[in-house]
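Results of the structural survey
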Amino acid sequence: MSRIGRLPIPVPAGVTVTVADDNTVSVKGPKGELSQKVNKDIKVEQVGAEIHVTRPSDSKPHRSMHGLYRSLINNMVVGVTKGFEKVLLIEGVGYRANAEGGKLNLALGYSHPVIVDAPEHITFETPAPTRIVVKGIDKQAVGAIAADIRDLRKPEPYHGKGIRYENEVIRRKEGKAGKK
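The structure contained in this document is the topic of the report that follows. (Residues numbered from 1 in each chain as written. Predicted model: local features only at pLDDT ≥ 70, side-chain atom pairs only at ≥ 80, totals over all residues. Heavy atoms only, no water.)

Counting its regular elements, the protein contains two helices and 13 strands. For the protein, the C-alpha radius of gyration of 21 Å lies well beyond 16 Å, the compact-globule estimate for 180 residues. Taken over the C-alpha atoms alone, the protein extends approximately 70 × 45 × 25 Å along its principal axes. Burial analysis of the protein (180 residues in total) assigns 33% to the buried set. At a minimum sequence separation of 6, the contacts of the protein that also span at least 24 residues come to 49%. Roughly 11,000 Å² of accessible area belongs to the protein as shown, and the carbon and sulfur atoms make up 51% of that amount. Positive and negative charge centroids in the protein, built from 29 and 20 side chains respectively, lie 9 Å apart. (Helix = DSSP H or I, 4+ residues; strand = E, 2+ residues; numbered from the N terminus. Rg over C-alpha atoms; globule rule 2.2 N^0.38 Å. Buried < 20%, exposed > 50% of the residue type's maximum accessible area, 1.4 Å probe, protein only. Contact = heavy atoms within 4.5 Å. Areas by Shrake-Rupley, 256 points an atom, 1.4 Å probe, with all protein chains shown as cover. Lys, Arg positive; Asp, Glu negative; His and termini not counted. Charge placed at Lys NZ, Arg CZ, Asp CG, Glu CD.)

Okay, here's the thing in structure tokens:
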């Protein structure tokens, strides 16, 4: 049995989980509402204040989907209660960010400012000009938009300039050796 899939998902107070006839799981909480279509072979049921995900057999496709859908449903429950966030750091002379409205305005050394629009359920914060916080209820969307922002100016290994995740370590390289 899947070690992840067999774990029950606790449903906190204030969160409602509904499973439709077409196996669509909807989770509604204080921060918003998310839904996920689950494969017809995987069974999702609510028992008291817990959600149980079960599979019909031990075949490879069923085993792989078991843990996947359990994790997706758990991420939805966590998202509508606590939310998710990714922190990005900007390094480089003149590199800065500014969140205004639903947009993120970035100065990254190009001849023009780079503007990133916030998708639905995603917000940007800039507590400092070199720090970007991406927040939202959908874990996948938060990670995807943070990766898109990082791709605008990837960190380079010689000077360390660029956009990186807060806990990311950039391996620095030595420059050219001078003449002796």
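Along an α-helix, residues three or four positions apart point the same way, because every turn accommodates 3.6 residues. The first and last C-alpha atoms of helix H2 (residues 139-152) sit 21 Å apart over 14 residues, in line with the 20 Å expected at 1.5 Å per residue. Every buried residue of H2 is accounted for by Val142, Ile145, Ala146, Ile149 and Arg150. Mapping the buried residues of H2 onto a view down its axis gives an arc of 145 degrees, with all of them on the same face. Those residues of H2 hidden inside the fold are in contact with strand E7 (84-91), strand E9 (103-107), strand E10 (114-117), strand E11 (122-128), strand E12 (131-136) and strand E13 (162-165). (Expected span 1.5 Å × (residues − 1). Arc of directions from axis to C-beta.)

Our focus in this paragraph is the sheet that holds strand E1 (residues 9-10). Pairing within the open sheet is antiparallel, and its three strands lie in the order E1-E6-E5. Only two strands of the sheet have a single partner each, and these edge strands are E1 and strand E5 (43-47). In the sheet, E1 pairs with strand E6 (residues 50-54) via two bridges, with the strands oriented antiparallel. Within E6, the residue paired with Pro10 across the bridge is Glu50. (Pairing = 2+ DSSP bridges.)

On the secondary structure map, Ile73 appears in helix H1 (residues 60-81). Between the alpha carbons of Ile73 and Pro157 there is a distance of 38 Å; along the sequence they are 84 residues apart. Leaving out residues up to four positions away in the same chain, Ile73 has contacts with Ile9, Val25, Val38, Val44, Ile51 and Val53.

This part is about the pattern of salt bridges. Within this structure, the stated rule accounts for ten salt bridges. The partner of Lys154 in a salt bridge is Asp151, with the nearest N and O atoms 3.9 Å apart. A residue is classified by how much of its surface remains accessible, and Asp151, at 44% relative accessible area, is partly exposed. Residues participating in the shared-partner salt-bridge network are Glu85, Glu125 and Lys135. (Salt bridge = Lys/Arg side-chain N within 4 Å of Asp/Glu carboxyl O.)

Read from one edge to the other, the open sheet built from four strands follows the order E11-E12-E7-E13, with strand pairing classed as antiparallel. Among the strands making up the open sheet, the edge pair consists of E11 and E13. Taking the axes of each pair of neighbouring strands and ignoring which way they run, one obtains an average angle of 25 degrees across the sheet. With six bridges connecting them, E7 and E12 associate as antiparallel partners. What sits directly across from Lys86, in E12, is Val134. Taken strand by strand, H2 contacts E7, E11, E12 and E13, and its axis lies near 10 degrees from that of E7. (Axes fitted to C-alpha atoms, helices over the stretch in contact; angles between N-to-C directions.)

For the rest of this paragraph, the subject is the layout of surface pockets. In this model, the largest pocket occupies a volume close to 180 Å³. As for the largest pocket, its lining consists of Leu34, Ser35, Gln36, Leu72, Asn75, Met76, Ile137, Asp138, Lys139 and Gln140. Going through the elements one at a time, strand E4 (32-37), H1 and H2 are the ones with two or more residues in the lining of the largest pocket. In the lining of the largest pocket, the residues fall into four nonpolar, four polar and two charged. (1 Å grid on protein atoms, 1.4 Å probe; cavity = no way out; pocket = protein on both sides within 12 Å on 5 of 7 lines; lining within 4 Å. Points joined across faces, edges and corners; volume = space filled by probe spheres on them. Nonpolar A, V, L, I, M, F, W, Y, C, P; charged D, E, K, R; others polar.)

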